[in-house]
Amino acid sequence: IRILDAARDLLAEGKSAEARAAIEPLVREHPGNHQARVTLIRALIAMSELARAEDECLQALAASQSGDGASMIVADRARGLLASVYRLEGAPAQD
C-alpha cells in the first residue's frame, strides 16, 4: 500500500516517470492489483506513452471478466482510461 500511495503522490506532483518507476514492480509482482495497474496507466498517459497505456487498459479489461462487483468497477475505470488514450491518439473511442 505504501508503494501505491507513493506512486499516486508522485503522479499528483507531476512526477510521472518516477510514479511509473515506483509502480511497475508492484504491477509485475501482483498483476491482479487493479489499483496499481490504474495508477500505472495514468502515469503512462501523463508521459504520452499511449501505446503502452492502451495495452495496460486492455489487460485490465481482460482481467476484469470475472463479473463480480469489484471487477465491474475496474472494467469501468479501464474503459474510461482507454477512451482517454484513444482520444489522445486521435482515434475514435471503441466499446
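Quick notes on the rules
- Residues numbered from 1 in each chain as written.
- Predicted model: local features only at pLDDT ≥ 70, side-chain atom pairs only at ≥ 80, totals over all residues.
- Heavy atoms only, no water.
- Helix = DSSP H or I, 4+ residues; strand = E, 2+ residues; numbered from the N terminus.
- Contact = heavy atoms within 4.5 Å.
- Areas by Shrake-Rupley, 256 points an atom, 1.4 Å probe, with all protein chains shown as cover.
- Core = buried A, V, L, I, M, F, W, Y, C linked by side-chain atoms within 4.5 Å.
- Buried < 20%, exposed > 50% of the residue type's maximum accessible area, 1.4 Å probe, protein only.
- Expected span 1.5 Å × (residues − 1).
- Axes fitted to C-alpha atoms, helices over the stretch in contact; angles between N-to-C directions.
- Parallel < 35°, antiparallel > 145°, perpendicular 65-115°, else oblique.
- Left-handed = near helix turned anticlockwise from the far one by under 90°.
- Nonpolar A, V, L, I, M, F, W, Y, C, P; charged D, E, K, R; others polar.
- Salt bridge = Lys/Arg side-chain N within 4 Å of Asp/Glu carboxyl O.

(A) Structural detail: the overall build of the protein. When its secondary structure is counted, the protein shows five helices and zero strands. Moving toward the C terminus, one meets the helices and strands of the protein in the order α-α-α-α-α. Pairs at least 24 apart in sequence give 46% of the contacts found in the protein among residues at least 6 apart. Within the structure as shown, the protein displays about 5600 Å² of accessible surface, and the carbon and sulfur contribution to it stands at 52%.

(B) Highlighting unusual backbone geometry. For S48, which is not a glycine, the phi torsion comes out positive at approximately 60°. Mapped onto the fold, S48 is located in the loop between α3 (34-46) and α4 (50-63).

(C) Seen up close, the nonpolar core. Ranked by size, the top nonpolar core spans 22 residues in total, and within it I23, A36, I41, I45, A53 and L81 carry the most contacts. If you list the elements that add at least two residues to this core, you get α1 (2-12), α2 (16-29), α3, α4 and α5 (69-89). In contact with I23, other than residues within four places in its own chain, are I3, L4, A7, A36, T39 and L40.

(D) α2, seen in detail. A rise of 1.5 Å per residue sets the reference length of α2, with its 14 residues, at 20 Å; its end C-alpha atoms lie 20 Å apart and thus fit the reference within 8%. On its buried face, α2 is in contact with α1, α3 and α4.

(E) Quick look at the side chain of E24. By secondary structure assignment, the location of E24 is in helix α2. We classify E24 as buried; its relative accessible area is 16%. In contact with E24, not counting residues within four places along its chain, are L40 and R52.

(F) Spotlight on the packing of α1 against α3. Running from N to C, α1 and α3 point in directions that differ by 25°, and their axes come no closer than 10 Å. On the basis of the axis angle, α1 is roughly parallel to α3. Once α1 is placed against α3, the crossing between them reads as left-handed. Counting all contacts with α1, which are made through L4, A7, R8 and L11, the residues of α3 involved are Q35, A36, T39, R42, A43 and A46. In the contact of α1 with α3, the residues fall into six nonpolar, two polar and two charged.

(G) Layout of the pattern of salt bridges. Applying the stated criterion across every chain, the model contains seven salt bridges. The closest approach of N and O atoms between E13 and K15, which form a salt bridge, is 3.4 Å. The exposure class assigned to E13 is exposed, which follows from its relative accessible area of 52%. With a closest N to O distance of 2.3 Å, R37 and E56 form a salt bridge. Here the residue R37 occupies a position in helix α3, and E56 occupies one in helix α4, the gap between them amounting to 19 residues. For R37, a relative accessible area of 5% puts it in the buried group. When salt bridges with common partners are traced through the structure, they connect R20, E24, R37, E49, R52 and E56 into a single cluster.

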